[in-house]
Amino acid sequence: MPLRPDLIDILRNEAAPIVILTGAGISKESGLHTFRDPDGIWAKYDISEVATPDAFIANPDLVHHFYNDRRAGLLDPAVQPNAAHLALAKLEAEWPGDVLLVTQNIDDLHGRAGSQNLIHMHGELQKIRCTHCDLLTDWRDDLTKETRCPSCSKSGGLRPHVVWFGEMPLEMERIYAALGSCGLFISIGTSGNVYPAAGFVQIAHEEGAAETVELNLEPSSGATLFDHSAYGAATDLVPKFVAALLKTSD
């Protein structure tokens, strides 16, 4: 285990707040394609054509098509929360202190697994918002530029509730506050290439004086910044690590 038993005892006795960051690696094991792998989504699409505000202005049909495909894939009955998602929900429910889960993923697998104190810093695929009236609502169907807003009835203003390149991630003030006061920061399934999330480990370590742990398939770009690490499949590592924190059997 990445943390010594005596260190786990200290964290438990202090009811240390935990902040967890998750990335595409945790959802890949549920059957969702990642974005940055050599065979991932960005190998098939040009980011600048489907994931920027300018792209949406220039070609809304293509952008809607791209996210309609992503949404349909998430609705596949075969895509379900895996053991890592379930373990993190268990940690939130049973840890004596606060547990905040911050995900870079736009899927809903953490929510379906039972996580409640959850921030989708890059938005949510199954939500849309209206640029005319600011409506934010759940959405499961295809979206087109002709689709009328359920609130203001205008068309042409609905877009995926997803943070595009060049836009500010969501709830950053709350995230930074949690990082600055946590006792344990855990990064799971992330590449360490995407900022501001890639900088969370430094904030947690320097401002929160937290123990920092990386659980990943392989060392991330920021692996040397972590105090502790373990490498392998998330569905193997995360349940074992959570069991060690909770002193239960996985």
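These numbers were taken from a predicted model, which means no experiment stands behind them.

A. Structural view of the overall build of the chain. Regarding its fold elements, the chain presents 10 helices and nine strands. Relative to its length of 250 residues, the chain is compact, with a C-alpha radius of gyration of 19 Å against a globular reference of 18 Å. Here the chain carries 19 positive and 34 negative side-chain charges, and the mean point of each set is 5 Å from the other.

B. Layout of helix H5 (residues 60–74). End to end, H5 covers 21 Å across 15 residues, agreeing with the expected 21 Å (1.5 Å per residue, within 8%). Taken together, the buried positions of H5 are occupied by Pro60, Val63, His64, Phe66, Tyr67, Asn68, Arg71 and Leu74. Packed against the buried residues of H5 are helix H3 (47–50), helix H4 (53–58), helix H7 (109–113), strand E4 (123–130) and strand E6 (158–162).

C. Here's a closer look at the pairing of strand E2 (residues 99–103). The element E2 is extensively covered by neighbouring structure, given that five of its five residues are classed as buried. When strand E1 (residues 18–22) meets E2, the two strands line up parallel, connected through five bridges. Among the inter-strand pairings, Ile20 is bridged to a residue of E2, identified as Leu101. Sheet topology note: the E2/strand E3 (residues 118–120) ladder contains three bridges and is parallel. Paired with Val102 across the strands is Ile119, a residue of E3.

D. Fine view of the side chain of Arg159. On the secondary structure map, Arg159 appears in strand E6. Setting aside its immediate chain neighbours within four residues, Arg159 contacts Phe56, His64, Ile128, Arg129, Thr131, Leu143, Trp164 and Glu167.

E. Region of interest: the sheet that holds E4. Spatial ordering of the open sheet is given by E5-E4-E6, a layout of three strands whose pairing is antiparallel. Every interior strand has two partners, whereas the edge strands, strand E5 (136–138) and E6, have only one. Neighbour-to-neighbour, the strand axes of this sheet turn through a mean angle of 40°, independent of strand direction. In this structure, E4 lies alongside E6, joined through five bridges in antiparallel fashion.

F. Region of interest: the state of the cysteines. Summed over all chains, the structure comprises zero disulfides. We note that Cys152 lacks a disulfide partner, and the nearest cysteine sulfur, in Cys149, lies 3.8 Å from it.

G. Region of interest: the pattern of salt bridges. As enumerated under the stated definition, the model contains nine salt bridges in all. Residue Arg159 is joined to Glu167 by a salt bridge in which the shortest nitrogen-to-oxygen separation is 2.8 Å. The buried category is assigned to Arg159, whose relative accessible area is 6%. Assessed through its relative accessible area of 24%, Glu167 is described here as partly exposed.

H. Focus on the sheet that holds E2. In spatial order, the strands read E3-E2-E1-E7-E8-E9; together these six strands make up an open sheet with parallel pairing. At either end of the open sheet lies a strand with only one pairing partner, and these are E3 and strand E9 (228–231). Taking the axes of each pair of neighbouring strands and ignoring which way they run, one obtains an average angle of 15° across the sheet. Strands E1, E2 and strand E7 (184–188) of the sheet are contacted by helix H6 (residues 83–94), whose axis makes an angle of about 165° with E1.

Cut-offs and rules
Residues numbered from 1 in each chain as written. Predicted model: local features only at pLDDT ≥ 70, side-chain atom pairs only at ≥ 80, totals over all residues. Heavy atoms only, no water. Helix = DSSP H or I, 4+ residues; strand = E, 2+ residues; numbered from the N terminus. Rg over C-alpha atoms; globule rule 2.2 N^0.38 Å. Lys, Arg positive; Asp, Glu negative; His and termini not counted. Charge placed at Lys NZ, Arg CZ, Asp CG, Glu CD. Expected span 1.5 Å × (residues − 1). Buried < 20%, exposed > 50% of the residue type's maximum accessible area, 1.4 Å probe, protein only. Contact = heavy atoms within 4.5 Å. Pairing = 2+ DSSP bridges. Axes fitted to C-alpha atoms, helices over the stretch in contact; angles between N-to-C directions. Disulfide = S-S within 2.5 Å. Salt bridge = Lys/Arg side-chain N within 4 Å of Asp/Glu carboxyl O.

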